[in-house]
Amino acid sequence: MKKLLAVVILLLVAVLMALTVPDKKAHKEAMMKAIDEYVTEEAQDKLGDNVLSKLGKNVAVKTIELALNSKLNVHDYVLLNTTSVRLKGEDQLLSVGMFGHVFTFDKEMLREKLEESVKAKEEAASEKEAAKENARELKKLQKEQKKREKELAKEQKRREKEAAKEQKRREKEEKKRAKEAE
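Residues numbered from 1 in each chain as written. Predicted model: local features only at pLDDT ≥ 70, side-chain atom pairs only at ≥ 80, totals over all residues. Heavy atoms only, no water.

> How would you sum up the overall build of the protein? Please name residues and give values.
Counting its regular elements, the protein contains four helices and four strands. The linear arrangement of helices and strands in the protein, starting from the amino end, is α-α-α-β-β-β-β-α. Looking at the 182 residues of the protein, the share that counts as buried comes to 17%. Long-range pairs, those at least 24 residues apart, make up 54% of the contacts in the protein between residues at least 6 apart in sequence. (Helix = DSSP H or I, 4+ residues; strand = E, 2+ residues; numbered from the N terminus. Buried < 20%, exposed > 50% of the residue type's maximum accessible area, 1.4 Å probe, protein only. Contact = heavy atoms within 4.5 Å.)

As structure tokens, then:
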């Protein structure tokens, strides 16, 4: 009887879980609330409580919200669901939803993920700048090489022209000597 009661309770819990799985909108709202709290705290710590910090906070929150709209993936497991975003080729778990509630990451995890994201963007920007610099350097070297090749070709033509003049001069001298010898 106890086993039957345990099975019935488990089934009821499973049905309750399945019926109360939050949707994507609930996940997004919970994450945006956590992000708003984090950004507000960071803005006040770094910029104080002024118009600039509020403006920066609003811009940051809107930017993150737009990114979440396009990159947020919901994984439904019938009894619960999770959300994640793909960063650096890996899915990063952001929240878990069950019993009608969404459990999000904590502020420290958010700080780490945002710092990782900023660092990744900075690294990508520096790599892009290094690639541009390499391309400029390569272009400069190619230009110098072409210039040297043109100079060498010009010098070769000048030598050929001088050699042709010298040959004509010799031929004239030989003709002159031949005439004198006759």
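Now that the structure has been shown, the text picks up again.
> How would you sum up the nonpolar core? Please name residues and give values.
Generally speaking, a soluble globular protein has its nonpolar side chains buried in company with each other. With twelve residues, the main nonpolar core is built from Met31, Met32, Ala34, Ile35, Tyr38, Val39, Val61, Ile64, Leu72, Val85, Leu94 and Phe105. Of all the elements in the fold, those that place two or more residues in this core are helix H2 (24–47) and helix H3 (51–71). At six residues, H2 tops the list of elements feeding residues into this core. (Core = buried A, V, L, I, M, F, W, Y, C linked by side-chain atoms within 4.5 Å.)

> How would you summarise the environment of Asn81 if you had to cite specific residues and measurements?
Its place among the elements puts Asn81 in strand S2 (residues 81–87). What Asn81 contacts, discounting residues up to four positions off in sequence, is Val21, Pro22, His27, Val74, His75, Asp76, Ser95, Val96 and Gly97.

> Explain the side chain of Thr83 to me, and be specific about the residues and the numbers.
Among the structural elements, Thr83 can be located in strand S2. Side-chain polar atoms of Thr83 contact the side chain of Ser95, separated by 2.4 Å. When neighbours within four sequence positions are excluded, Thr83 is seen to be in contact with His27, Met31, Leu72, Asn73, Val74, Gln92, Leu93, Leu94 and Ser95. (Polar contact = N/O pair within 3.5 Å; in protein donor to acceptor, adjacent residues only side chain to side chain.)

> Could you give an account of a nonpolar patch on the surface, naming the residues involved and the relevant values?
A cluster of nonpolar side chains, namely Leu5, Ile9, Val13, Leu16 and Phe99, defines an oily patch on the protein surface of about 450 Å² accessible area. Its location among the elements puts Val13 in helix H1 (residues 2–19). With relative accessibility at 33%, the residue Val13 sits in the partly exposed group. (Patch = residues over 30% accessible without salt bridge, like charges linked within 9 Å, V, L, I, M, F, W, Y side chains within 5 Å. Areas by Shrake-Rupley, 256 points an atom, 1.4 Å probe, with all protein chains shown as cover. Salt bridge = Lys/Arg side-chain N within 4 Å of Asp/Glu carboxyl O.)

> Give me the pattern of salt bridges: which residues, what numbers.
Overall, the coordinates contain ten salt bridges when judged by the stated rule. For Glu133, the salt bridge identified is with Arg136, shortest N-O distance 2.9 Å. Here Glu133 and its partner Arg136 are both found in helix H4 (residues 107–181), three residues apart, which amounts to about one turn of the helix. Judged by its relative accessible area of 38%, Glu133 falls in the partly exposed class. Given a relative accessible area of 43%, Arg136 falls into the partly exposed group. Glu144 is the partner of Arg148 in a salt bridge, and the nearest nitrogen-oxygen pair spans 3.8 Å. With Arg148 and Glu144 both in helix H4 and four residues apart, this pair spans about one turn of that helix. What makes Arg148 partly exposed here is its relative accessible area of 43%. Of the residues examined, Glu144 reaches a relative accessible area of 32% and is grouped as partly exposed. Each of Glu166, Arg169, Arg170, Glu173 and Arg177 takes part in a single network of salt bridges with overlapping partners.

> Report on the sheet that holds strand S3 (residues 90–98), specifying residues and quantitative values.
Sheet architecture is open: four strands sit in the order S1-S2-S3-S4, paired in antiparallel fashion. A strand with exactly one partner marks an edge of an open sheet, and here the two such strands are strand S1 (73–76) and strand S4 (101–104). Between one strand axis and the next, the sheet turns through 30 degrees on average, direction left out of account. In terms of strand pairing, S1 meets S2 through four bridges, oriented antiparallel. Bridge assignment links His75 to a residue of S2, and that residue is Thr82. (Pairing = 2+ DSSP bridges. Axes fitted to C-alpha atoms, helices over the stretch in contact; angles between N-to-C directions.)

> I'd like a description of the pairing of S4, backed by residues and values.
Bridge analysis of S3 against S4 gives four bridges, and the strand direction is antiparallel. Across the sheet, the residue bridging to Ser95 is Thr104, located in S4. Where S3 hands over to S4, the hairpin turn is made up of two residues, of which Phe99 adopts a positive phi near 50 degrees.

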